[in-house]
Amino acid sequence: MKRGDAVLWASVSWAVCLLIAIVLSQALGPKPIPPDLKAPEYGRDDQCERLRTGSSVMEPENTWSNLGYLYAGFLILFRNLSPKRLFQALFGGSMVFLAWLSGLYHAQPVSALYRHLDVATIYWVLPLLIAYAAHGIFVYRFPDIGWGKTHIIGVGIIVVCLGTVLPFIGTDSTMITLILISVLMILSVWTLAFKKLFYPLSDVERAFYGTGMLVLLLASGLFRFFDGRGEFLGLPKFFCSEGSPVQAHALWHICGALTLFLGFEFFSRAFSDEGNLLPFLSGGRRTYD
């Protein structure tokens with residue numbers, strides 16, 4: 001799908017989903033907190049937003065900030081609605097699921113099921129981006145050559161099944177997420193600095209993608225690890241503020257959506273597979289409508 005059409009369809013789909021979410025938030029009643037849990041202390045050591053115990057959306061900022069994942073996912077999905085770009089479409093679709101399931105969890109954080117599904121979608125999104133990057137690096141060809149649809153669908157099924165099971169067996173989600181992000185960082189540096197590309201990145205593109213991803217990753221880490229109660233690396237979690245109109249966890253969602261979108265754009269540009277929304281940043285290169 002052309003860039004302009006992808007933006008249009010993504011915007012319409014995002015608006016429809018927003019309307020559905022608003023209707024559901026008004027139609028559903030608040031979920032009771034188990035008696036052994038106290039508000040606002042109930043929750044986690046990694047986020048501080050005060051629970052609205054009388055609302056169906058108990059963490060409004062942490063809930064609605066997932067709209068960033070939703071829009072980024074729709075942009076990638078609609079841009080890549082093509083049998084030749086199945087990997088990219090699967091990744092975009094997984095980001096849409098992440099937005100909905102993370103939103104459900106933060107709306108009803110007393111639900112263990114929603115908590116596990118929220119983590120599961122992280123285990124879908126990051127491995128799918130890793131698989132897409134690895135495919136580009138190790139099976140680097142012109143767009144018409146590469147893994148077949150059967151292979152890509154098989155990888156997608158394995159990722160979704162494994163990612164869904166892991167949260168239910170008590171794995172450390174923070175550690176696994178950090179490992180997955182580290183793998184993505186290695187693949188990014190490899191592509192940025194060492195991979196010989198058919199259409200090499202210009203200096204402007206290297207600076208844009210490299211600096212952008214680094215800044216967003218650092219911001220994401222700050223908002224993620226310095227929100228909540230207690231300390232991190234011996235320092236107090238200075239972003240914790242229960243009643244603040246701007247929650248660090250919500251900012252983490254927004255930075256995370258931007259990081260995933262820019263990371264995908266970087267790999268898509270590097271592999272020249274016509275799935276990127278941003279145009280080439282160097283003059284004289286071929287660009288796609």
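Because the structure is a prediction, the values reported are computed rather than measured.

A cluster of nonpolar side chains, Leu8, Trp9, Val12, Val16, Ile20, Leu24 and Leu28, forms an exposed patch at the surface whose accessible area comes to about 650 Å². With respect to the helices, strands and loops of the structure, Leu8 is situated in helix 1 (residues 3-27).

Once that is clear, we can look at the state of the cysteines. Across all of its chains, the model carries one disulfide by this definition. The partner cysteine of Cys48 in its disulfide is Cys240, sulfur to sulfur 1.7 Å. Note on the Cys48 and Cys240 pair: the S-S dihedral is about -95°, so by sign convention the disulfide is left-handed. One end of the pair, Cys48, is in the loop between helix 1 and helix 2 (60-64); the other, Cys240, is in the loop between strand 2 (235-236) and helix 9 (248-271), with 192 residues separating them in the sequence. For Cys48, a relative accessible area of 2% puts it in the buried group. For Cys240, a relative accessible area of 28% gives the class partly exposed. Here Cys255 stays unpaired: no disulfide links it, and the sulfur of Cys48, its closest cysteine neighbor, is 17 Å away.

Let's shift gears to the packing of aromatic side chains. To describe a pair of aromatic rings, you give the distance between the ring centres and the angle between the ring planes. What the rule picks out here adds up to 18 aromatic pairs. Between Trp14 and Tyr71, the ring centres sit 6.2 Å apart and the planes meet at 80°, which makes this aromatic pair edge-to-face. Separated by 57 residues along the polypeptide, Trp14 in helix 1 and Tyr71 in helix 3 (residues 67-79) bring together distant segments of the chain. Residue Tyr71 is classed as partly exposed on the basis of its relative accessible area of 27%. Summarising the aromatic geometry, the rings of Phe91 and Phe264 are spaced 5.7 Å apart at their centres and angled 15° between planes, so their arrangement reads as stacked. Of this pair, Phe91 sits in helix 4 (residues 86-107) while Phe264 is found in helix 9, placing the two residues 173 residues apart along the sequence. Side by side, Phe91 and Phe264 carry an identical accessibility label, which is buried. Connected via pairs of aromatic rings, a cluster forms that spans Phe87, Phe91, Tyr132, Phe208, Tyr209, Phe264, Phe266, Phe267 and Phe271. Against the face of Trp252 rests Arg224, its NZ or CZ located 5.5 Å from the ring centre.

This brings us to the pattern of salt bridges. Taken as a whole, this structure holds four salt bridges when the rule is applied. Here Glu242 ties to Arg229 by a salt bridge, and the two come within 2.8 Å at their closest N and O atoms. Here Glu242, found in the loop between strand 2 and helix 9, pairs with Arg229, found in the loop between helix 8 (203-225) and strand 1 (231-232); they are 13 residues apart in sequence, far enough to count as distant. For Glu242, a relative accessible area of 23% gives the class partly exposed. The exposure class of Arg229 is partly exposed, given its relative accessible area of 29%.

All right, on to the packing of helix 3 against helix 9 then. At their nearest, the axes of helix 3 and helix 9 sit 8 Å apart, and the two run at 15° to each other. When the interaxial angle is binned, helix 3 and helix 9 end up roughly parallel. The handedness of the crossing between helix 3 and helix 9 is right-handed. Two secondary-structure elements touch here, helix 3 through Gly68, Tyr69, Ala72, Leu75 and Ile76 and helix 9 through Trp252, His253, Gly256, Ala257, Leu260, Phe261 and Phe264.

Our focus in this paragraph is helix 6 (residues 149-165). Here helix 6 contains 17 residues, and its C-alpha end-to-end distance of 24 Å stays within 8% of the 24 Å for a straight helix at 1.5 Å per residue. Inspection of helix 6 places Ile152, Gly156, Val159 and Gly163 among the buried residues, and these make up the whole buried set. Along the long axis of helix 6, the arc covered by the buried residues comes to 65°, so they all point the same way. With respect to the buried face of helix 6, the exposed residues turned more than 90 degrees away are Thr150, His151, Ile157 and Ile158.

Conventions we followed
Residues numbered from 1 in each chain as written. Predicted model: local features only at pLDDT ≥ 70, side-chain atom pairs only at ≥ 80, totals over all residues. Heavy atoms only, no water. Patch = residues over 30% accessible without salt bridge, like charges linked within 9 Å, V, L, I, M, F, W, Y side chains within 5 Å. Areas by Shrake-Rupley, 256 points an atom, 1.4 Å probe, with all protein chains shown as cover. Salt bridge = Lys/Arg side-chain N within 4 Å of Asp/Glu carboxyl O. Helix = DSSP H or I, 4+ residues; strand = E, 2+ residues; numbered from the N terminus. Disulfide = S-S within 2.5 Å. Buried < 20%, exposed > 50% of the residue type's maximum accessible area, 1.4 Å probe, protein only. Phe/Tyr/Trp six-rings, centres within 6.5 Å; stacked < 30°, edge-to-face > 60°. Lys NZ or Arg CZ within 6 Å of the ring centre and 35° of its normal. Axes fitted to C-alpha atoms, helices over the stretch in contact; angles between N-to-C directions. Parallel < 35°, antiparallel > 145°, perpendicular 65-115°, else oblique. Left-handed = near helix turned anticlockwise from the far one by under 90°. Contact = heavy atoms within 4.5 Å. Expected span 1.5 Å × (residues − 1). Arc of directions from axis to C-beta.

Any functional reading would require information that these geometric values do not contain.
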